[in-house]
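Fold and geometry: a report
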Amino acid sequence: MKAGILISAAAAIFLFGFFLMRKLDRFLDSNRRESASGLSAAAAIKIAFEDPALIPALSELMIRFPGKNIDCELTVFSGSAQEIINKLGTGELDFGFITSEIGKNTDIRCRCLSILICRNRFFCETLGKTVIPLKPGEQTCKILWIEQDDSISKRLFLRELEDLEKCEPD
């Protein structure tokens, strides 16, 4: 008799756990679908660099920012200055980091912030070697963005950029 009650209780607990896990799986699956459909895309910031060698100089900020703003994800691209300006104009990018001169023949009205970025050596995982810049030291970098779609996460990221401290060359 005791064995029958024990088996019945164990079966009931097993079934309860099974249905609870099934409900949790459905909930997590619906969250994944919402993320994939772009409902959380407003919290993503898309950044492009003309010179990928500048990325290590901003790596501390790019690690710290999503840590402080958990609901915001940074996506990083690279391309020519003209490609970056075009993508800013179409809204495919939020910020562009450009080191070359910007031509006056563009129809896109961008906001611009100039900062000094320190070009230091960095480790390239693909090569398994350290890359040393031929001309180390500070370089002026223009950060471009369009203010039309100024979300909270973009404003916070811009504030972080404005507060960047000067870095020391290696």
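Let's shift gears to the pairing of strand 7 (residues 137–145). Here is the key point about a regular strand: its side chains alternate between the two faces of the sheet. Where strand 3 (residues 95–98) lies against strand 7, 3 bridges are found, and the strand directions are antiparallel. Across the sheet, the residue bridging to Gly96 is Leu144, located in strand 7.

With that out of the way, let us pick up the pattern of salt bridges. Counted by the stated rule, this structure contains 5 salt bridges. Among the salt bridges present, the one from Glu160 reaches Arg64, with a minimum N-O distance of 3.1 Å. Of this pair, Glu160 sits in helix 4 (residues 152–162) while Arg64 sits in helix 2 (residues 59–68), and the two are 96 residues apart along the sequence. For Arg64, a relative accessible area of 33% puts it in the partly exposed group. Among the salt bridges present, the one from Lys87 reaches Glu92, with a minimum N-O distance of 3.2 Å. According to the relative accessible area criterion, Glu92 is partly exposed, its value standing at 41%. Taken together, the shared-partner salt bridges in this structure form one network comprising Glu60, Arg64, Lys68 and Glu160.

Those residues of helix 4 that fall on the buried side of the exposure criterion are Ser153, Lys154, Phe157, Leu158, Glu160 and Leu161. Along the axis of helix 4, the buried residues cluster in a sector spanning 155°; they form a single face. Buried-residue contacts for helix 4 involve strand 1 (44–49), helix 2, strand 2 (73–78), strand 3, strand 4 (111–119) and strand 7.

A few words on the sheet that holds strand 1. Strands sit in the order 2-1-3-7-4 across an open sheet of 5 strands; the sheet is mixed. The two strands at the open ends of the sheet, each matched to only one other strand, are strand 2 and strand 4. With strand direction ignored, the average angle separating the axes of adjacent strands in the sheet is 25°. Together, strand 1 and strand 2 form the strand contacts of helix 2, whose direction differs from that of strand 2 by roughly 150°.

On the surface, Phe14, Leu15, Phe18 and Phe19 cluster together into a nonpolar patch covering about 450 Å² of accessible area. On the secondary structure map, Leu15 appears in helix 1 (residues 2–36). Residue Leu15 is classed as partly exposed on the basis of its relative accessible area, which comes to 45%.

What counts, and at which threshold
Numbering of residues starts from 1 in each chain and follows the order in which that chain's sequence is written. With pLDDT at 70 or above as the cut-off, local features in this predicted model cover only qualifying residues; side-chain atom pairs require 80 or more to be listed or tallied, and sums for whole chains, interfaces and linings still use all residues. Each side-chain value is derived from all of the structure's non-hydrogen atoms; neither hydrogens nor water enter the calculation. Pairing between strands is defined by DSSP: at least two bridges between the two strands are required. Numbering of helices and strands runs from the N terminus; a helix is a DSSP stretch of H or I covering at least four residues, while a strand is a stretch of E covering at least two. By definition, a salt bridge exists where a carboxyl oxygen of Asp or Glu is found within 4 Å of a side-chain nitrogen of Lys or Arg. Type-normalised accessible area, obtained with a 1.4 Å probe on protein chains alone, sets the label of each residue: buried when under 20%, exposed when over 50%, and partly exposed for intermediate values. Arc definition: directions from the helix axis to the C-beta atoms. Two residues form a contact once any of their heavy atoms are found within 4.5 Å. Working convention: axes come from line fits to C-alpha atoms, limited for helices to the stretch in contact. Angles between N-to-C directions cover 0 to 180 degrees. To count toward a patch, a residue needs a relative accessible area over 30% and no salt bridge; like charges are then connected within 9 Å, while nonpolar side chains (Val, Leu, Ile, Met, Phe, Trp, Tyr) are connected within 5 Å. The method behind every accessible area is Shrake-Rupley, applied with a 1.4 Å probe, and residues are considered shielded solely by the protein chains displayed.

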